[in-house]
Amino acid sequence: MIPFSAASVRKNASWSASKHKTPTEDCSDSDGDESRIGTDSSTYSPVPRGQFSTAVVFGSDGNLASKKILPTLFKLWKRRMVPRDLLVVGYARAPLTTEQFRKQVFRSIYDPRQPQAERKEFQARCFYASGPFGDLEATRGLVRLLRALEARRVEERSVTGASKEAADAANETVRLYYMAVPPFLYADICSALRTCRAEAFDAAPADADKDALWPVERFVLEKPFGRDSASCAALFSQLSMVSEEETFRIDHYLGKELVLNLLVLRFANVCFQSIWNRAHVKAVQVIFKEDFGTDGRGGYFDEYGIIRDVMQNHLLQVMALVAMEQPLSFGAEHIRTEKLKVLQACKVLTLDDVVVGQYTGCGGHKGYLEDPSITNKESTTETFATAVLHIHSPRWDGVPFILKAGKAVTDRKAEVRIQFHTIPGAVSALMDCAANELVVRLQPEESIYWKVINKVPGLKFEVQQMRMDLLYSSKFDGDAKPMPEAYERLLLEVLANDHSHFVSADELIESWRIFTPLLHTLKEGKIKPHPYPFGSRGPPAADALAHKYGMSKFGGGITPYVEGQPARKYVQAHNSESLLGFEDEGSEAASIASSQAISAAEAILGAARAEVVGAPKLGPPPSAVGLAAASTYGTAPPSAPLPPSVAIPSPPSAKREVPPPSAPLPQSAAIPSPPTAKREVPPQSAAIPSPPTAKREVPPQSAAIPSPPTARREVPPQSATISSPPTSRREVPPQSAAIPSPTTSRREVPPPAAKPVTPGKARAEDEVSAALAALAVGSPARAARADAPANPSRAHEKDVQHVSGK
Ligand SMILES: NC(=O)C1=CN([C@@H]2O[C@H](COP(=O)(O)OP(=O)(O)OC[C@H]3O[C@@H](n4cnc5c(N)ncnc54)[C@H](OP(=O)(O)O)[C@@H]3O)[C@@H](O)[C@H]2O)C=CC1
Ligand SMILES: O=C1O[C@H](COP(=O)(O)O)[C@@H](O)[C@H](O)[C@H]1O
């Protein structure tokens, strides 16, 4: 076993060399769309045109495979976004025949609205092999089947289309291995596959071109990737036979349309660039809510809890996209580099900054512990968590990033809420106005909206909080051009060898660093989750925590958009007290209730800390005064300098929340906060500039600096807030360690070579038949399994190899 180190993982990383075309660094596809499947925006697919593609789904009878992976492959195939001769090979323990597997596939993809013929044609492209996961003999059988099917496909293409030579020269085979199995099986499966490859190389003549002997292999790994830093490191070590370039760690939130849009929103709109920092932003929330509980997934969930299930991956990734600096390009390396810097700049979570909860039965819904799939009836696994992260960087110092995830709460929703400071020095008539808020609703009802203050039309002076809305369903024709689902996009990107929306090893290491101490404390059972009723907004202590970090009165505003219903209005002047805008809650009553709960919750928050039996005190419980002060002043450090432009303080007002004196710096992203004795300095600050490349000179604080002038573009005058370029006096820590070298590659990529193909179609057919016949099972007893539910019990754990197909 190769000992793990971050460096060893990075050493395996290779971004530049690949056997076939990858999207250019700026994703511009400079080689032209002709190289890809589909040309217009509704048929576009990043998969290289003509690429021989094979998808092998390990765990093909499981929940994920049958609900997501197989249906997604079918959709992509149906829409011609992958080559028509795509091969789909399922692998699982259940000893099915290919025909039986095809029935399983049918159940997964069935939709009465779709024509039957397409399903039939797709089913005919599906094959099956079975055996224990990672068993070498069974994997050899699988590989024999794959090779025979792939050889036959080359033959088929040569007779149906261009000459075989042309097909060989232009294309190559990419095998996508989807690990839809629990992570403890990854290493065994990968290891068996690698053994089969080594055997093929050994059997080949010494001078054989190895790249031509074996297809390109890409391994898609599902979460959870470890349980904490140590287990993640162990998994890296066990998987060291697979290079970083071949690894695609999937986080399906990175494939969501609105998550991808975060980068465009931020970096294509000048109006956001200057306000995206501590000077203007008071707090950021990333929220995930589901209105259902564990729903039979308790066996998995109880092992992990919501922090590992959702927060450490999905929410943290979204947060990193919100917080990161502008990348040099939208290529994988640059996006990952910037996200990584954010994670590196995040302080380790402390108990003070976390509230966890567990739902109880309510309104006919069972509580978590009553769910039959939860066997440990004493379980303290959290189903709800609010955690406040702090990013130590000039841009975000003092801005709390509040991550909140809950199952069995009010509704299903995922969104980012960016809450701004109130207007400093506001004219008295506008003193009570709520602050602006920008909401990016990831799902459902994908939208981006601003909450702004507007004058109510009429003679009487009234102001009102309004919603300026970019609701996707009203702006984009979803029927004509449906939004791609996350898994669709991500599977295509694997086939196209684009890592942009996959999680790098370094990011994972950092994400576990942030959460591991907390997770260990939770595991020790020293903190009891707060009970909250099924369908509620979670424990009140979570609101208290948010309140502590400056979540202030935002008013209900216009709360969740419901098509066809008039927007609910909120007249600020008539209702200036009491509505807590932690997030829109769908009902004003909920907001008011939450407001009333807040004082009680603050007490609970204190009490919760008191419950930490014998745990090291990570910080004093907030006193009532502390809470009030925090909520009044937000979190920006009072010591931060006040720039001359905002030096005139607002007149004191008893009623109004006054923003922190330091907060409204016009461009403070470019102004580092003064060091304080107390401050912890992380090893790599987010403010560290990326190294300049030959292509482009990169200023050290790119977000605050206008782009260099070009002939096509009007450049705003350089403002006084531009930070100085690094001088020789400034210490810039080495960068290279965290950034995979763009030039390293473990694999030398020769020009496409002819594949070892059998001489004729008849020969290829023979090989397939032989592979299938050698592996065929299909006894009546096994046939009976085909009608079993998609994920049968694990009674067949000791099954020997069964590989079959027709
Ligand atoms: N389901 C989902 O919505 C999501 C799942 N994931 C991840 O995807 C992966 C698969 O999840 P899911 O499909 O729900 O899992 P399942 O429990 O449905 O099992 C998937 C496959 O793994 C096999 N398997 C499960 N447990 C064992 C075991 N102890 N020993 C040997 N084989 C086993 C199953 O075999 P058999 O059928 O024979 O038991 C099945 O073939 C996991 O890593 C999960 O965390 C990630 C996001 C969402
Ligand atoms: O990864 C997971 O995500 C789902 C929620 O995904 P979404 O795309 O529907 O928001 C969650 O239900 C599940 O627990 C978790 O494992």
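If you're wondering where the values come from, they're calculated on a predicted model, not measured in any experiment.

## A look at the overall build of the chain
Part 1 of the argument: Within the chain, the regular secondary structure consists of 21 helices and 19 strands.
Part 2 of the argument: The proportion of buried residues among the 806 residues of the chain is 56%.
Part 3 of the argument: For the chain, restricting intrachain contacts to residue pairs at least 6 apart in sequence, the fraction spanning at least 24 positions comes to 79%.
Part 4 of the argument: Here the chain displays about 33700 Å² of accessible surface, and carbon together with sulfur accounts for 59% of that area.

## Quick look at the site of ligand 2
Part 1 of the argument: The environment of ligand 2 is formed by Lys223, His252, Tyr253, Lys256, Phe288, Glu290, Arg297, Asp309, His314, Lys407, Arg412 and Gln443.
Part 2 of the argument: One of the side-chain N or O atoms of Glu290 is found 2.5 Å from an oxygen atom in ligand 2.
Part 3 of the argument: Isolated, ligand 2 exposes 390 Å² of accessible area, and the fraction of that covered by the protein chains is 83%.
Part 4 of the argument: For the shell around ligand 2, the per-class residue count stands at two nonpolar, three polar and seven charged.

## Some points on the pattern of salt bridges
Part 1 of the argument: Under the criterion given, the structure shown has 34 salt bridges.
Part 2 of the argument: With its nearest N and O atoms 2.6 Å apart, the salt bridge here joins Arg417 to Glu415.
Part 3 of the argument: One salt bridge in this structure joins Glu462 and Lys460, with 3.7 Å as the shortest N-O distance.
Part 4 of the argument: Ionic contacts of the salt-bridge type, sharing partners, join the residues Glu415, Arg417, Glu437, Arg441, Glu445 and Lys451 into one network.

## Remarks on unusual backbone geometry
Part 1 of the argument: Residue Lys223 is joined to Pro224 through a cis peptide bond whose omega torsion reads 0°.
Part 2 of the argument: Counting through the fold element by element, Pro224 comes out in the loop between strand 7 (216–221) and helix 9 (229–238).
Part 3 of the argument: Here the residue pair Gln443 and Pro444 is connected by a cis peptide bond, since its omega of -15° sits within 30 degrees of zero.
Part 4 of the argument: Along the polypeptide, Pro444 turns up in the loop between strand 14 (437–443) and strand 15 (447–455).
Part 5 of the argument: Positive phi values are uncommon outside glycine, yet Arg80 reaches one of about 60°.
Part 6 of the argument: Residue Arg80 is classed as partly exposed on the basis of its relative accessible area of 47%.
Part 7 of the argument: One non-glycine residue, Glu445, adopts positive backbone phi at about 45°.
Part 8 of the argument: When you line up the elements, Glu445 lands in the loop between strand 14 and strand 15.
Part 9 of the argument: Of the residues examined, Glu445 reaches a relative accessible area of 39% and is grouped as partly exposed.

## Thoughts on the UniProt feature "domain: Glucose-6-phosphate dehydrogenase C-terminal" (unreviewed entry) in the chain
Part 1 of the argument: Under the UniProt annotation, "domain: Glucose-6-phosphate dehydrogenase C-terminal" (unreviewed entry) lies at residues 263–550.
Part 2 of the argument: Secondary structure within residues 263–550 divides into 31% helix and 23% strand; the distance between the first and last C-alpha atoms comes to 26 Å.

## Points about the packing of aromatic side chains
Part 1 of the argument: Tallied over the full model, the rule gives 23 aromatic pairs.
Part 2 of the argument: Taken together, a centroid distance of 5.4 Å and an interplanar angle of 40° make the contact between Phe106 and Tyr110 tilted.
Part 3 of the argument: We classify Phe106 as partly exposed; its relative accessible area is 25%.
Part 4 of the argument: Using a relative accessible area of 45% as the deciding quantity, one classes Tyr110 as partly exposed.
Part 5 of the argument: Consider the rings of Trp396 and Phe401, whose centres lie 5.2 Å apart with planes at 90°: the pair is edge-to-face. Neither residue differs from the other here; Trp396 and Phe401 are each classed as buried.
Part 6 of the argument: An aromatic cluster of at least three residues, connected via ring pairs, comprises Phe301, Tyr359, Tyr368, Phe384, Tyr532 and Phe534.
Part 7 of the argument: In this arrangement the basic side chain of Arg102 is found over the ring face of Phe127, its NZ or CZ atom lying 5.0 Å from the centre.

## Structural notes on the pairing of strand 5 (residues 126–130)
Part 1 of the argument: Counting buried positions along strand 5 yields five of five residues, so the element is predominantly enclosed.
Part 2 of the argument: Burial along strand 5 is two-sided: the face carrying Cys126, Tyr128 and Ser130 and the face carrying Phe127 and Ala129 are both buried.

## A look at the packing of helix 12 (residues 298–323) against helix 13 (residues 332–344)
Part 1 of the argument: At a minimum axis separation of 9 Å, helix 12 and helix 13 run at an interaxial angle of 100°. Taken together, helix 12 and helix 13 sit at an angle that is classed as roughly perpendicular. Seen from helix 12, the contacting residues are Leu316, Gln317, Met319, Ala320, Leu321 and Ala323; seen from helix 13, they are Ile335, Lys339, Val342 and Leu343.
Part 2 of the argument: Partitioning the contact of helix 12 with helix 13 into residue classes produces eight nonpolar, one polar and one charged.

## Remarks on the environment of Thr294
Part 1 of the argument: Mapped onto the fold, Thr294 is located in the loop between strand 9 (281–289) and helix 12.
Part 2 of the argument: Sequence-wise, Thr294 and Leu430 are 136 residues apart; in three dimensions their C-alpha atoms are separated by 46 Å.
Part 3 of the argument: Discounting residues that sit within four places of it in the chain, Thr294 has contacts with Phe301, Tyr359, Tyr368 and Asp371.
Part 4 of the argument: Engagement of the side chain of Thr294 in a polar contact is seen with the side chain of Asp371, the distance being 2.6 Å.

## Brief notes about the side chain of Thr72
Part 1 of the argument: As for its placement among the helices and strands, Thr72 is situated in helix 2 (residues 63–78).
Part 2 of the argument: When its relative accessible area of 4% is taken as the criterion, Thr72 is described as buried.
Part 3 of the argument: A polar atom in the side chain of Thr72 sits 2.5 Å from the backbone oxygen of Lys68.

## Thoughts on the nonpolar core
Part 1 of the argument: Judged by nonpolar contacts, the single largest core of 161 residues is most densely connected at Phe58, Phe122, Met179, Met319 and Phe401.
Part 2 of the argument: Looking at which element gives the most residues to this core, the answer is helix 12, with 13 residues.
Part 3 of the argument: Ignoring sequence-local partners within four residues, the contact set of Phe401 consists of Val284, Met319, Val322, Ala323, Ala387, Val388, Leu389, Ile391 and Trp396.

## Some points on the environment of Phe52
Part 1 of the argument: Its place among the elements puts Phe52 in strand 3 (residues 52–58).
Part 2 of the argument: With relative accessibility at 1%, the residue Phe52 sits in the buried group.
Part 3 of the argument: With 443 residues separating them along the chain, Phe52 and Leu495 place their C-alpha atoms 9.7 Å apart.

Reading guide: rules and limits
Residues numbered from 1 in each chain as written. Chains lettered and ligands numbered in written order. Predicted model: local features only at pLDDT ≥ 70, side-chain atom pairs only at ≥ 80, totals over all residues. Heavy atoms only, no water. Helix = DSSP H or I, 4+ residues; strand = E, 2+ residues; numbered from the N terminus. Buried < 20%, exposed > 50% of the residue type's maximum accessible area, 1.4 Å probe, protein only. Contact = heavy atoms within 4.5 Å. Areas by Shrake-Rupley, 256 points an atom, 1.4 Å probe, with all protein chains shown as cover. Near = heavy atom within 4 Å. Polar contact = N/O pair within 3.5 Å; in protein donor to acceptor, adjacent residues only side chain to side chain. Nonpolar A, V, L, I, M, F, W, Y, C, P; charged D, E, K, R; others polar. Salt bridge = Lys/Arg side-chain N within 4 Å of Asp/Glu carboxyl O. UniProt positions renumbered as here; feature names shortened; annotations may be inferred. Phe/Tyr/Trp six-rings, centres within 6.5 Å; stacked < 30°, edge-to-face > 60°. Lys NZ or Arg CZ within 6 Å of the ring centre and 35° of its normal. Axes fitted to C-alpha atoms, helices over the stretch in contact; angles between N-to-C directions. Parallel < 35°, antiparallel > 145°, perpendicular 65-115°, else oblique. Core = buried A, V, L, I, M, F, W, Y, C linked by side-chain atoms within 4.5 Å.

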